[in-house]
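# Secondary and tertiary structure notes
Chain by chain, the residues:
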Amino acid sequence: MKEINKKKIVILILFLLPSIKEVLADSKPQQENKTIEIFADQGIEWNKEKKMYTAKGNAKASRGSSSISSDVLQAKYVETKSSENKITLIKAMGNVIIKNETAEIKGGKNALYDINKEYIIVKGNNLQVNSNLDELQATSKIEYWKNDNIAIATGNATAKKEGNYTIKANRLVWHIKKNDKKTDATDANEYKIKKMIAYDNVIIETKNEVAYSDKALYNKSNEICKLYGNVKLKKDDNYLTGEYAEINLNTGISKLLPYPSNNKINKNRVKAIIKTNE
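To keep things clear, this report deals only with the structure shown in the data block. Remember, it's a predicted structure, so these values are computed and weren't measured experimentally.

### Overview of the overall build of the chain
What the chain contains, in helices and strands, is zero helices and 20 strands. Classification of the 278 residues of the chain by burial places 45% in the buried group. Summed over its atoms, the accessible surface of the chain is roughly 15,600 Å², and 45% of this surface lies on carbon and sulfur atoms.

Right under this line is the structure:
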């Protein structure tokens, strides 16, 4: 085992973490032969037998504009044929913060990044993601599968979109896609939300109303959010109840409809409860 007493060590590897755009998605292509810098107040340990680096005390690893900070950082590696050390797994423990120039994840107790599987998980009971005008909160974990372009927030998940609406659920799942081409407003390498699915105890708050359901499916292309199961739409003291509804998050117009696959007449009739002053 070798102890490195320098406050700073530079390790050459090809990959650290994906840059975060929107919620845990790449905003720029990875650059080749990019240097990773690791800082630690209490030193960095190199265990050759376990093939692992351990940085302790306000540890931080950065690559370009992306960085991960925690009380302790561990990086496992394998030796390549060219005698280089290739990092395969990164662990962060205690006060985890992941950020780049457009987004930040904080409140993590621990995090793990499997570079070979392109998978990252951050755990904590007060997780917060801030990206431009969007916010995300969760009380259990946030996961991201880069190869599948899927991100999941679990535990009282709350997503706020530019102050226009809020979606809450026990679990939120994002399907993300890469821009097909560059425009004046977007980068061809940016990732955008394709759709979002909310599971269990779903609450959607807009400027006009509050909606409740068991499940919700949001489609970014048309800004339509479909609600399934035990649906209730509330505006002031008035209610609409049923099994299926559609909300246009652009216009604020809601429709309570019979369940799409239900062919039995009157089984899932919609109902309105309207409060009057009489």
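### Here's the deal with the environment of Gly43
Tracing the chain through its elements places Gly43 in the loop between strand 3 (35-39) and strand 4 (44-47). For Gly43 and Asn58, which are 15 residues apart along the polypeptide, the C-alpha to C-alpha distance reads 9.9 Å.

### Digging into the nonpolar core
Residues Leu136, Leu172, Trp174, Ile204 and Leu227 are the most contacted members of the largest nonpolar core, which totals 56 residues. Sort the elements by how many residues they give to this core and strand 14 (residues 165-178) lands first, with six residues. Not counting residues within four places of it along the chain, the set of residues in contact with Leu172 comprises Leu136, Ala151, Ile152, Ala153, Ala157, Thr158, Ala159, Ile167, Met196, Ile197 and Ala198.

### Some details on the pattern of salt bridges
On inspection of all chains with the given rule, the structure shows three salt bridges. Residue Glu223 is joined to Lys220 by a salt bridge in which the shortest nitrogen-to-oxygen separation is 3.1 Å. Assessed through its relative accessible area of 34%, Lys220 is described here as partly exposed.

### Here we look at a positive patch on the surface
Residues Lys177, Lys194, Lys195 and Lys215 make up a contiguous surface patch of positive charge. The residue Lys215 is located in strand 16 (residues 210-219) in this model. By relative accessible area, Lys215 is classed as partly exposed at 35%.

### As for the pairing of strand 11 (residues 134-138)
Every second residue of strand 11 is oriented toward a common face, the buried set being Asp134, Leu136 and Ala138 and the non-buried set Glu135 and Gln137. Note: strand 10 (residues 127-131) against strand 11, five bridges, orientation antiparallel. Within the sheet, the bridge partner assigned to Leu127 lies in strand 11 and is Ala138. The pairing of strand 11 with strand 13 (residues 150-161) spans four bridges and is classified as antiparallel. Its bridge partner being in strand 13, Gln137 is matched across the sheet by Thr158.

About the thresholds
Residues numbered from 1 in each chain as written. Predicted model: local features only at pLDDT ≥ 70, side-chain atom pairs only at ≥ 80, totals over all residues. Heavy atoms only, no water. Helix = DSSP H or I, 4+ residues; strand = E, 2+ residues; numbered from the N terminus. Buried < 20%, exposed > 50% of the residue type's maximum accessible area, 1.4 Å probe, protein only. Areas by Shrake-Rupley, 256 points an atom, 1.4 Å probe, with all protein chains shown as cover. Core = buried A, V, L, I, M, F, W, Y, C linked by side-chain atoms within 4.5 Å. Contact = heavy atoms within 4.5 Å. Salt bridge = Lys/Arg side-chain N within 4 Å of Asp/Glu carboxyl O. Patch = residues over 30% accessible without salt bridge, like charges linked within 9 Å, V, L, I, M, F, W, Y side chains within 5 Å. Lys, Arg positive; Asp, Glu negative; His and termini not counted. Charge placed at Lys NZ, Arg CZ, Asp CG, Glu CD. Pairing = 2+ DSSP bridges.

Read these as layout, nothing more, since geometry by itself doesn't imply function.
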